[in-house]
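# Breakdown of the fold
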Amino acid sequence: MSAVTQPVSTHFAAPGQPPGKTPLSIASPPRLADGVELLGAYKNSAYSKPPSLVRRADGQIVQMSPLLYQVACRIDGSRGADAIAALVSADLDRSLDAEQVSYLIKAKLLPLGVVATVGVPRAMPKANPLFALRARFTLLPERIANLVGVLLRPLFRWPVIVAVVSSMLAVDYWLFFVHGLGSGIEQVLRDPVDLLVVLGLTLVSAVFHECGHAAGCRYGGARPGVIGVGIYLVWPSFFTNVTDSYRLSRVGRLRTDLGGLYFNLVFMLALAGMYVGTSAQILLLVIAVTHLEMLDQLLPIVRFDGYFILSDLIGVPDLFARVVPIVKSALPAGRRDPRVAGLRRSARIVVTAWVLCVIPLLLFTIGYLLLHLPVFERALWHSGRVQAQLISAAAAGHHYALAVIDAVSIVLLTLPGVGSLYIATRLARQVAALGRHWAADRPVRRLIAAGTGIAVTAALAAFWIIQGQFSGW
């Protein structure tokens with residue numbers, strides 16, 4: 001199985017809606033929290049008034065209005081509210097007094113974790129984006145990832161890029177139109193142990209893909225974070241923290257987004273060179289599998305590379321954060337959310353079109369999963385039992401390589417089973433949380449929400465029973 005890549009998403013908190021509670025006290029005179037870095041305006045933004053970005057010590061990116069950002073710029077640990085108000089008023093050519101500055105600091109900047117507090121620091125708000133990577137583990141720490149980026153960034157020089165792309169086009173023509181993949185497929189069918197070679201090289205390709213994101217980020221002048229692995233939806237997924245690339249221009253961000261796919265080309269070119277020296281047909285099969293992975297990465301529907309490429313082409317970070325605002329604004333009585341109203345017309349059209357494509361696909365996928373969840377789990381359970389029997393037979397016959405393949409198959413069967421249950425459980429919890437929020441302190445609404453939940457659950461259970469999905473366990 002091939003791992004997919006997901007660059008880490010950023011957290012954009014709306015200044016008018018500070019998450020969490022305001023701390024009781026702040027440092028006097030006010031100062032920025034340790035590790036806070038002011039990045040400036042979001043370059044090549046799709047907003048009519050580009051927002052400004054601040055990077056916290058934990059790597060989270062906070063988006064704020066020019067007014068808030070200018071106040072943050074004038075906080076240096078020595079100025080009081082009066083001095084900050086005078087400087088910001090001169091910067092923005094508008095009148096601002098000390099009371100207004102104090103309010104902005106306490107009610108806006110503090111909840112975002114930008115300004116230091118007195119006493120024990122509280123937990124800062126963090127992004128929890130839709131379809132985000134979960135259960136992350138670090139493979140390469142930030143220092144090593146930056147070193148890898150520095151060593152590999154010469155691959156992004158234009159003569160090298162032209163040479164790699166043109167050479168890979170020639171290899172693809174020869175492989176798919178002249179030589180073919182029949183020999184490699186026949187070799188795997190004849191000796192299934194070769195599947196372990198394909199799996200191993202595919203994992204190496206996925207890790208090298210992440211090095212491409214790190215090198216692209218470093219080439220543009222930003223610093224990549226850790227390279228690691230986590231669970232995305234139901235599958236293991238490698239990732240690179242390239243949050244710092246938001247300080248770059250559109251070209252720099254796109255270079256970072258495309259760096260992984262470009263390094264896939266470099267890896268496939270290396271495999272082609274190994275084939276010339278060894279004539280190992282299995283290497284050509286790995287090249288074909290890597291092509292399929294690249295096509296999978298270009299899907300813009302979930303947080304693969306294609307999603308981030310589309311996001312940076314438009315100039316709108318975190319497209320999933322715009323789904324609910326666009327749906328609300330389309331309703332007859334809906335208000336236009338600032339996250340949508342501030343977009344330029346062309347960008348708003350593209351984002352709306354993306355939302356109109358994504359919502360039906362997600363609803364169909366999740367709906368089909370819920371309606372047939374017992375069938376999926378039963379099929380995966382039976383397949384796992386068969387693979388377990390095959391492991392025992394292979395081990396008894398001292399065919400240990402086959403036993404390893406069967407063990408990998410069990411893992412790959414377990415992940416979607418556990419993942420589908422996780423998705424269903426998480427969805428139920430989110431719907432319940434929305435219901436509680438909608439019915440807060442309103443007994444009638446609470447009764448309606450509870451009745452609707454019970455009715456939907458009963459209807460789903462009745463559908464499963466009528467369809468006979470619990471039989472055969």
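Residue numbers run consecutively from 1 along every chain, following the written order of its sequence. Residue-level local features of this predicted model are given only where pLDDT is at least 70; pairs of side-chain atoms are given and counted only at 80 or more, and the full residue set underlies all totals for whole chains, interfaces and linings. Based on all heavy atoms of the structure, the side-chain values leave hydrogens and waters out of the count.

### Overview of the environment of Ile287
Note the cut-off: To qualify as a helix, a DSSP run of H or I must reach at least 4 residues; to qualify as a strand, a run of E must reach at least 2; elements of each kind are numbered from the N terminus. Pairs of residues are marked as contacts when any of their non-hydrogen atoms sit within 4.5 Å.
Mapping Ile287 onto the fold places it in helix H9 (residues 281-297). As for Ile287 and Leu390, which are separated by 103 residues in sequence, their C-alpha atoms are 29 Å apart. Beyond its immediate chain neighbours, meaning those up to four positions away, Ile287 contacts Met168, Leu175, Met268, Leu271 and Ala272.

### Side note on the pattern of salt bridges
Applicable threshold: The rule for a salt bridge is simple: a side-chain nitrogen of Lys or Arg has to be within 4 Å of a carboxyl oxygen of Asp or Glu.
Taken as a whole and assessed by the stated rule, the structure comprises eight salt bridges. Arg74 is the salt-bridge partner of Asp91, the closest N and O atoms lying 2.8 Å from each other. In this pair, Asp91 is assigned in helix H2 (residues 81-92) and Arg74 in the loop between helix H1 (66-73) and H2, connecting sequence segments 17 residues apart. A cluster of three or more residues bridged by salt bridges with shared partners is formed by Glu37, Arg55, Asp244 and Arg247.

### Remarks on the pairing of strand S7 (residues 235-240)
Note the following rule: Only strands joined by at least two bridges in the DSSP assignment are considered to pair.
In the sheet, strand S6 (residues 227-232) pairs with S7 via six bridges, with the strands oriented antiparallel. Bridge pairing in S7 places Gly230 opposite Ser237. Taking the residues between adjacent antiparallel strands as the criterion, S6 and S7 are bridged by two residues, where Leu233 takes a positive phi near 60°.

### Observations regarding the nonpolar core
Condition: We define the nonpolar core as a collection of buried residues of types Ala, Val, Leu, Ile, Met, Phe, Trp, Tyr and Cys that are connected through side-chain atoms lying within 4.5 Å of one another. Buried means the residue's accessible area, taken with a 1.4 Å probe over protein chains only, is under 20% of the maximum for its type, while exposed means over 50%, and partly exposed covers the values in between.
In terms of nonpolar packing, the biggest core is built from 31 residues, with Tyr262, Leu271 and Ile287 touching the most fellow members. Ranked by residue count, the leading element in this core is helix H8 (residues 250-278), at eleven residues. Met64, Ile75, Ile105 and Val115 belong to the second-largest nonpolar core, a separate cluster that totals 24 residues.

### Focus: helix H5 (residues 158-179)
As a reminder, the rule being used: Given a helix with a known number of residues, its expected span is that number minus one, times 1.5 Å. Think of it as the arc spanned by the lines of direction from the helix axis to the C-beta atoms.
Across its 22 residues, H5 extends 30 Å between first and last C-alpha, which sits within 8% of the 32 Å expected from 1.5 Å per residue. Buried within H5 we find Ile161, Val164, Met168, Val171, Asp172 and Leu175. Within H5, the buried residues cover an arc of 105° as seen down the axis, which keeps them to one side. Counted as exposed and oriented over 90 degrees from the buried face of H5: Trp158, Pro159, Val162, Leu169, Tyr173, Phe177 and Val178. Its buried side turned inward, H5 meets H8 and H9. Looking one or two places after H5, you find Gly180, whose phi comes out positive at around 90°.

### Examining the layout of surface pockets
Heads up, the condition is: A 1.4 Å probe that fits into a set of points on a 1 Å grid over the protein atoms alone but cannot get out defines a cavity; an open set with protein on both sides within 12 Å along at least five of seven lines defines a pocket, and lining residues are those with an atom within 4 Å of a point. Grid points are joined across faces, edges and corners, and a volume is the space filled by probe spheres set on the points. Residue classes follow a fixed rule: Ala, Val, Leu, Ile, Met, Phe, Trp, Tyr, Cys and Pro count as nonpolar, while Asp, Glu, Lys and Arg count as charged, and any other residue, Gly among them, counts as polar.
Roughly 680 Å³ of internal volume is contained in the second largest pocket. Lining the second largest pocket we find 23 residues, and of these Ala428, Val431, Gly453, Val456 and Thr457 sit closest to its centre. Listing elements by their share of the lining of the second largest pocket, those giving two or more residues are helix H15 (400-438) and helix H16 (443-466). It is H16 that contributes the most residues to the lining of the second largest pocket, eleven residues altogether. In terms of residue class, the lining of the second largest pocket is made up of 17 nonpolar, four polar and two charged.

### With respect to the packing of helix H13 (residues 345-371) against H15
Heads up, the condition is: A fitted line through C-alpha atoms represents every axis, and for helices the fit uses only the stretch in contact; the resulting angles, taken between N-to-C directions, go from 0 to 180 degrees. By the definition adopted for this analysis, an angle is roughly parallel if under 35 degrees, roughly antiparallel if over 145, roughly perpendicular if from 65 to 115, and oblique otherwise.
Across the interface, H13 lies against H15 with an axial gap of 11 Å and an inter-helix angle of 105°. By the angle class used here, H13 and H15 are roughly perpendicular. Where H13 abuts H15, its residues Ile366, Leu369 and Leu370 lie against Ser420, Ile423, Ala424 and Leu427. Grouping the amino acids of the contact of H13 with H15 by side-chain chemistry returns six nonpolar, one polar and no charged.

### Side note on the packing of aromatic side chains
The geometry of an aromatic ring pair comes down to the distance between the two centres and the angle between the two planes. The following threshold applies: Any two of the Phe, Tyr and Trp rings considered here, Trp counted by its six-membered ring, make a pair once their centres fall within 6.5 Å; the pair's planes then place it as stacked at under 30 degrees, edge-to-face at over 60, or tilted in between.
As enumerated under the stated definition, the model contains 15 aromatic pairs in all. Taken together, a centroid distance of 5.7 Å and an interplanar angle of 25° make the contact between Phe156 and Phe263 stacked. Residue Phe156 is found in the loop between helix H4 (142-152) and H5, and its partner Phe263 is found in helix H8; the two are separated by 107 residues along the sequence. For Phe263, a relative accessible area of 0% gives the class buried. With a centroid separation of 6.1 Å and 40° between ring planes, the pair formed by Tyr368 and Phe376 is classed as tilted. When its relative accessible area of 31% is taken as the criterion, Phe376 is described as partly exposed. Linked through ring pairs, Phe156, Phe208, Tyr219, Tyr262, Phe263 and Phe267 together constitute an aromatic cluster.

### So, the sheet that holds strand S4 (residues 61-64)
Spatial ordering of the open sheet is given by S2-S3-S4, a layout of three strands whose pairing is antiparallel. Edge strands, defined here as strands with exactly one partner in the open sheet, are strand S2 (37-41) and S4. Each adjacent strand pair in this sheet contributes to an overall mean axis angle of 25°, direction not counted. In this structure, S2 lies alongside strand S3 (residues 52-55), joined through four bridges in antiparallel fashion. Looking at S3, one finds that Gly40 is bridged to Leu53. Docked against the sheet, H1 engages S2, S3 and S4, running at close to 140° with respect to S2.

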